[in-house]
Amino acid sequence: MVSCKETGNSIEEAIEKALKRLDLSRQEAEINIIDEGSKGFLGIIGGKDAVVEVTKKVIPAEIGKNFLEDIFSSSDLDVEVEYIESKSNEKQLYFNLSSSELGLVIGHRGETLDALQYLTSLAVNRETDDYFRIMLDAEGYRERRKETLERLANKMKNKALETGRKVMLDPMPPHERRIIHLAVKDDDRVKSYSEGEEPFRKVMIEKV
Amino acid sequence: MKEIVETIARSIVDHPEQVEVTEEVGQKSIRIKLSVAEEDMGQVIGKQGRIARAIRTVVKAAATKAGKKAIVDIKS
């Protein structure tokens, strides 16, 4: 929380001073008047300064966007961060990344995107009272990956059925394993479960 | 490269003013040393090193662009 107290001959002057000190515009600030001050006799004797407290408004979406933009500008990666209001709500903030270097931003099996998503979640939620789930996408990567994983799940399910053996998939992060489990859950001929420790935990599919 | 670690660390610890990052740039690799207040160690390492791993993953992506390997050391 960034805030400061300032005094001035008038409320207006105190606010101006505080905004300048915090380098904020009026829209970015919450202003709390502590003392209105008084002019005193003839404006000279017994006058009291006005006291205000100015606090930077906490806008979770902006914290997230700024955090990501700072990372990309200091890493020399050309990435545009966009906050998607239509996919966000009071519990979730959705950001989309676009870049000419999308592969680097996504990383192997999305590991860089997942790491950025996790760190953004830490940075945003330590500033806010409510908890926000952070969703980071990169030009539709999440949806494409989901389709790929569902296809893979089907293929591996058929393999388990044909061979009658356990099929072990590659290590995946929790949300990807979940997609696999969901994809095979309605088929009573097989069961799926996860084995091993993070980050190497993997899904097993087995004929029942 | 060290600015990335600085940006991330300052945004997730309780004492951002105590975050210090140095880097040694070699021909093929960059060694980044992150130091934070002792009580902030948990905030940059995380359960089973999850936060440290995420920081290293992001740094790795940036280092790849620079054509180098990056090593991130963390101490209090």
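Counting from 1, residues in each chain are numbered in the order their sequence is written. Chains and ligands are labelled by the order in which they are written, letters from A for the one and numbers from 1 for the other. Local features in a predicted model are, by the rule used here, given only for residues with pLDDT of at least 70; side-chain atom pairs are given and counted only at 80 or more, and totals for whole chains, interfaces and linings are based on all residues. For side-chain calculations, the full set of non-hydrogen atoms in the structure is used, while hydrogens and water are omitted.

**Some details on the sheet that holds strand β2 (residues 29–35) of chain A**
All names here are of chain A.
- A pair of strands is labelled paired if DSSP reports no fewer than 2 bridges between them. Where helices and strands are cited, they refer to DSSP runs of H or I of at least four residues and of E of at least two residues respectively, numbered from the N terminus. Strands sit in the order β1-β3-β2 across an open sheet of 3 strands; the sheet is antiparallel. The open sheet terminates on both sides in strands that have one partner only, identified here as β1 (3–8) and β2. Averaged over all pairs of adjacent strands, the angle between their axes in this sheet comes to 25 degrees, without regard to strand direction.
- The sheet contact formed by β2 and strand β3 (residues 50–56) spans 6 bridges and is antiparallel. Counted as the bridge partner of Ile33 is Val52 from β3. Helix axes use the C-alpha atoms of the stretch in contact, all axes being lines fitted to C-alpha atoms, and the angles between their N-to-C directions lie in the range 0 to 180 degrees.

**Regarding the packing of helix α2 (residues 60–74) of chain A against helix α4 (residues 111–125) of chain A**
All names here are of chain A.
- As a packed pair, α2 and α4 sit with axes 9 Å apart at the nearest point and diverge in direction by 130 degrees. Classed by the angle they form, the pair α2 and α4 counts as oblique. The interaxial crossing formed by α2 with α4 has right-handed handedness. Contact residues: α2 offers Pro60, Ile63, Gly64, Phe67, Leu68, Ile71 and Phe72, while α4 offers Leu116, Leu119, Thr120, Ala123 and Val124. Note on terminology: angles under 35 degrees are roughly parallel, angles over 145 are roughly antiparallel, angles of 65 to 115 are roughly perpendicular, and the others are oblique. By convention, the crossing between two helices is left-handed when the near helix turns anticlockwise from the far helix through less than a right angle, and right-handed when the turn is clockwise. We call two residues contacting when some pair of their heavy atoms lies within 4.5 Å.

**Re the pattern of salt bridges**
Residue and element names in this part refer to chain A.
- Basic side-chain nitrogens of Lys or Arg form a salt bridge, by our definition, when they fall within 4 Å of a carboxyl oxygen of Asp or Glu. On inspection of all chains with the given rule, the structure shows 19 salt bridges over all chains.
- A salt bridge links Glu127 to Arg126; its shortest N-O distance comes to 3.5 Å.
- For Arg126, a relative accessible area of 33% corresponds to the partly exposed category.
- For Lys157, the salt bridge is made with Asp187, and the minimal N-O distance between the two is 3.0 Å. Taken as a pair, Lys157 in helix α5 (residues 141–163) and Asp187 in the loop between α6 (174–184) and β8 (190–195) lie far apart in primary sequence, 30 residues in all. Here the two residues Lys157 and Asp187 agree in accessibility, since each one is buried.
- The network of salt bridges with shared partners includes Glu12, Glu16 and Arg26. Only protein chains enter the area calculation, which uses a 1.4 Å probe; residues under 20% of their type maximum are buried, those over 50% are exposed, and those in between are partly exposed.

It is worth stressing that arrangement in space is one thing and function is another; only the former is reported here.
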